[in-house]
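Chain residues, written in single-letter form:
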Amino acid sequence: MPRHLYLDASPPPYEGPRDRLDKDAFKKKLTVLGARVAPEKTRVLLKANELKEALMDLPKIRTVVSDPSQPDGDRLVLLRMSEKSDLPQAAQEFLDKEAKGLVEYKIDLDYDYWTAEECLHAWLPPDLREGSPTGFAMIGHIAHVNLNDEYLPYKHVIGQIILEKNKTVKTVVNKLNTIDNQFRFFQMELIAGEPNFVVEHHESNCRFTFDFREVYWNSRLHTEHDRLVQTFKPEDVIADVFAGVGPFAVPAARKGCAVLANDLNPNSAKWLRKNVEDNRVTELVRVSCEDGRDLIRASVARVFDEPFPAYTGPPKSRMQEEKERKRLQKLAVEGQVSASLESEQQPQQPPRRRIAHFVMNLPDSAIQFLDAFRGILADDNGRDLSGTYSEMPMVHCHCFTRELEPEKAEQDIRQRVEEKLGHPLTDETTFHLVRSVAPTKEMYCISFRLPRAVAFATSD
């Protein structure tokens with residue numbers, strides 16, 4: 001469809017080959033009217049109420065250009081119509097008074113002018129133009145698409161158009177339907193650009209580096225990462241059971257939280273360690289690579305036996321550390337370091353031994369791991385876990401449901417969670433709709449206070 005009332009600025013009908021992209025087929029000439037005026041009068045025309053509905057407004061096309069017949073003289077104020085008869089009466093009368101006349105002006109449009117969506121719509125066969133796959137997600141320099149089967153024969157041109165129309169994109173991949181059964185990351189194929197899959201992605205004021213082929217990452221969960229981290233207190237200890245490359249663990253640590261960050265995928269754990277180091281939170285994050293059920297069962301004892309240092313504030317950036325170093329250096333020269341340090345000393349806080357939150361972001365199967373919480377505080381080694389855990393941890397479990405009505409979705413999730421825990425949930429339970437994954441599939445996060453009877457359950 002034309003995107004303009006008077007000018008058809010849509011791409012021309014594509015008559016080139018379908019096995020490749022012929023950019024020369026994307027050429028179009030438009031003829032418009034130009035009002036000739038002296039340079040000092042262009043502003044008068046641009047501000048005139050009479051011309052509001054007549055001035056050129058095509059994207060990327062300048063409204064004022066030099067008059068080709070006299071480049072160093074008059075200017076042409078371009079109009080959005082090609083025939084004088086299309087001008088509103090008030091515009092005609094104004095131009096008769098203020099301009100030196102109307103002339104034709106030629107505009108050349110080519111492949112570079114149109115958007116990816118417009119080019120794809122023109123290039124694809126007519127029966128595939130509706131719903132053409134122009135949408136994509138960005139991960140660092142990588143754009144990834146999910147092409148339906150009918151578009152696969154055209155995947156390389158689709159990738160080429162996305163690559164050429166988006167300056168920050170260097171690599172375009174298509175996610176395949178195949179999912180790694182053990183580590184749950186998508187298989188993918190390169191359809192355009194550089195075969196460079198190691199990305200640097202910025203989120204929540206943190207920098208994440210990872211090989212997109214090896215790990216799971218979904219930029220659509222950015223809001224959910226932020227939402228959950230905001231519920232943590234800086235002094236909390238977090239157990240991130242399925243940590244991936246750290247979208248929950250690293251921002252939480254940047255806030256000051258201490259984190260047990262675990263992932264079964266060795267590649268996820270590898271990149272997680274790098275992200276912990278790059279974001280300067282190595283003292284606050286302990287990375288492990290084991291089954292999530294094992295992490296849950298061992299987590300309480302690990303934090304009790306090897307507590308995290310007391311919270312003393314969020315980690316400092318390099319700039320803050322350098323500023324503090326210079327401040328102390330200056331005080332040392334002035335002989336005031338001891339007095340300054342003494343005045344800044346905070347009351348000694350105890351080390352952190354209690355896990356406040358468990359994060360379980362593996363929606364496909366996280367509920368199946370909830371039975372691991374049975375008896376995690378039933379300790380036989382003399383630890384005073386009852387006193388340490390006077391308040392039970394919160395568990396944040398992501399999951400899928402086929403129920404689309406909120407009330408039925410919550411009932412479905414609650415039933416499955418209680419069945420796996422072997423105990424009813426308390427009133428301190430909330431449900432958050434994260435996103436719609438498919439027309440009949442929703443992703444939720446259920447957050448609940450771990451029932452005390454579950455945590456202290458003993459085996460029969």
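Only a predicted model underlies this, so the values are computations on that prediction, with no experimental measurement involved.

Peer 1: Could you clarify how one ought to interpret unusual backbone geometry in this entry?
Peer 2: Note: most peptide bonds trans; most residues except glycine with negative phi. In this structure, Lys60 is a non-glycine residue whose phi angle is positive, near 70°. Here Lys60 lies in the loop between helix H1 (42–47) and strand E2 (64–66). Lys60 gets classed as exposed once you look at its relative accessible area, which sits at 61%. Of note, the phi angle at Arg280 is positive, near 60°, even though the residue is not glycine. Along the chain, Arg280 falls in the loop between helix H7 (266–278) and strand E13 (285–288).

Peer 1: Honestly, the UniProt feature "binding site: S-adenosyl-L-methionine" (unreviewed entry) in the protein in this entry has me stumped. Any pointers?
Peer 2: According to UniProt, the feature "binding site: S-adenosyl-L-methionine" (unreviewed entry) maps to His225, Asp263, Leu264, Asp291, Gly292 and Asn361 in the numbering used here. Here Gly292 is to be found in helix H8 (residues 292–305). Residue Gly292 is classed as buried on the basis of its relative accessible area of 5%. Each residue touching Gly292, except ones within four places of it in the same chain, is listed here: Val241, Phe242, Asn262 and Phe369. Position of Asn361 relative to the elements: it lies in the loop between strand E14 (355–360) and helix H11 (385–388). Given the relative accessible area of 14%, Asn361 is considered buried. Among all residues touching Asn361, those that are not within four sequence positions of it are Leu221, Phe242, Phe248, His398 and Met443.

Peer 1: How should the environment of Glu442 be read in this particular structure?
Peer 2: Tracing the sequence through the fold places Glu442 in strand E17 (residues 441–449). Separated by 37 residues in sequence, Glu442 and Glu405 have C-alpha atoms that sit 9.9 Å apart. Polar side-chain contacts of Glu442 include one of 2.5 Å to the side chain of Ser436.

Peer 1: Explain helix H3 (residues 116–123) to me, please; I cannot follow it from the model alone.
Peer 2: In an α-helix there are 3.6 residues to a turn, and that puts residues three or four apart on one side. The buried count for H3 comes to six of eight residues, which makes it a mostly enclosed element. All buried positions along H3 are accounted for by Ala116, Glu118, Cys119, Leu120, Ala122 and Trp123. Close packing links the buried residues of H3 with helix H4 (155–165).

Peer 1: Whenever I open this one, the pattern of salt bridges confuses me. Can you help?
Peer 2: Pairs can form between side chains of opposite charge once their charged atoms are near each other. Here the structure, examined in full by the defined rule, presents 23 salt bridges. For Asp57, the salt bridge goes to Arg80, with nearest N and O atoms at 3.4 Å. Placement of Asp57 in the loop between H1 and E2 and of Arg80 in the loop between strand E3 (75–78) and helix H2 (89–98) is noted, with a sequence separation of 23 residues between them. We classify Asp57 as partly exposed; its relative accessible area is 42%.

Peer 1: What's the story with the sheet that holds E2 in this structure? I'm lost.
Peer 2: As summarised here, the arrangement of the four strands in space is E2-E3-E1-E4, forming an open sheet in which the pairing is antiparallel. Whereas interior strands pair on both sides, the edge strands pair on one side only; in this sheet they are E2 and strand E4 (102–109). Pairs of neighbouring strands in the sheet enclose a mean axial angle of 45°, with direction left out of account. Where strand E1 (residues 28–37) meets E4, eight bridges bridge the pair, whose relative direction is antiparallel. In the sheet register, Ala35 faces E4, and the bridge partner there is Leu102.

Peer 1: Help me understand the sheet that holds strand E11 (residues 237–240) in this model?
Peer 2: Within a sheet, adjacent strands bond to each other through the backbone by hydrogen bonds, running parallel or antiparallel. With respect to topology, seven strands assemble into an open sheet ordered E13-E12-E11-E14-E15-E17-E16, the strand pairing being mixed. Two strands in the sheet have a free side with no partner beyond their single neighbour: E13 and strand E16 (429–438). Across the sheet, the mean angle from the axis of one strand to that of its neighbour is 15°, orientation sign disregarded. As paired elements, E11 and E14 share four bridges and run parallel to each other. In the strand pairing of E14, Asp240 is matched with Val359. Lying over the sheet, H8 contacts E11, strand E12 (258–262), E13 and E14, oriented at roughly 170° with respect to E14.

Peer 1: What is the right way to read the packing of H3 against H4 from this model?
Peer 2: Any two packed helices are characterised by how steeply their axes cross, that is the angle between the axes, and by the distance between the axes. Where H3 contacts H4, the two axes come as close as 9 Å, and the packing angle between them is 155°. As summarised for this structure, H3 and H4 are arranged roughly antiparallel, according to the angle between their axes. As for how H3 packs across H4, the hand of that crossing is right-handed. Contacts between H3 and H4 involve Ala116, Cys119, Leu120 and Trp123 from the former and Val157, Ile158, Ile161 and Lys165 from the latter. For the contact of H3 with H4, the per-class residue count stands at seven nonpolar, no polar and one charged.

Peer 1: Whenever I open this one, empty space enclosed by the protein confuses me. Can you help?
Peer 2: Unfilled space is identified by rolling a water-sized probe across the atoms. Counting across every chain of the model gives two cavities of 30 Å³ or more. Of the pockets and cavities examined, the largest cavity occupies roughly 40 Å³. Of the residues contributing to the lining of the largest cavity, the split by class is six nonpolar, no polar and one charged. Counting contributing residues per domain, the lining of the largest cavity is built from domain 2 (116–196) and domain 3 (206–311 + 350–456), each supplying no fewer than three. The calculated volume of the second largest cavity comes to roughly 30 Å³. In terms of lining residues, the second largest cavity is bounded by Phe232, Ile238, Asp240, Phe248, Ala249, Ala252, Val259 and Val359. Elements represented by at least two residues in the lining of the second largest cavity include exactly E11 and helix H6 (249–255).

Cut-offs used in this document
- Residues numbered from 1 in each chain as written.
- Predicted model: local features only at pLDDT ≥ 70, side-chain atom pairs only at ≥ 80, totals over all residues.
- Heavy atoms only, no water.
- Helix = DSSP H or I, 4+ residues; strand = E, 2+ residues; numbered from the N terminus.
- Buried < 20%, exposed > 50% of the residue type's maximum accessible area, 1.4 Å probe, protein only.
- UniProt positions renumbered as here; feature names shortened; annotations may be inferred.
- Contact = heavy atoms within 4.5 Å.
- Polar contact = N/O pair within 3.5 Å; in protein donor to acceptor, adjacent residues only side chain to side chain.
- Salt bridge = Lys/Arg side-chain N within 4 Å of Asp/Glu carboxyl O.
- Pairing = 2+ DSSP bridges.
- Axes fitted to C-alpha atoms, helices over the stretch in contact; angles between N-to-C directions.
- Parallel < 35°, antiparallel > 145°, perpendicular 65-115°, else oblique.
- Left-handed = near helix turned anticlockwise from the far one by under 90°.
- Nonpolar A, V, L, I, M, F, W, Y, C, P; charged D, E, K, R; others polar.
- 1 Å grid on protein atoms, 1.4 Å probe; cavity = no way out; pocket = protein on both sides within 12 Å on 5 of 7 lines; lining within 4 Å.
- Points joined across faces, edges and corners; volume = space filled by probe spheres on them.
- Domains from an automatic or database assignment.

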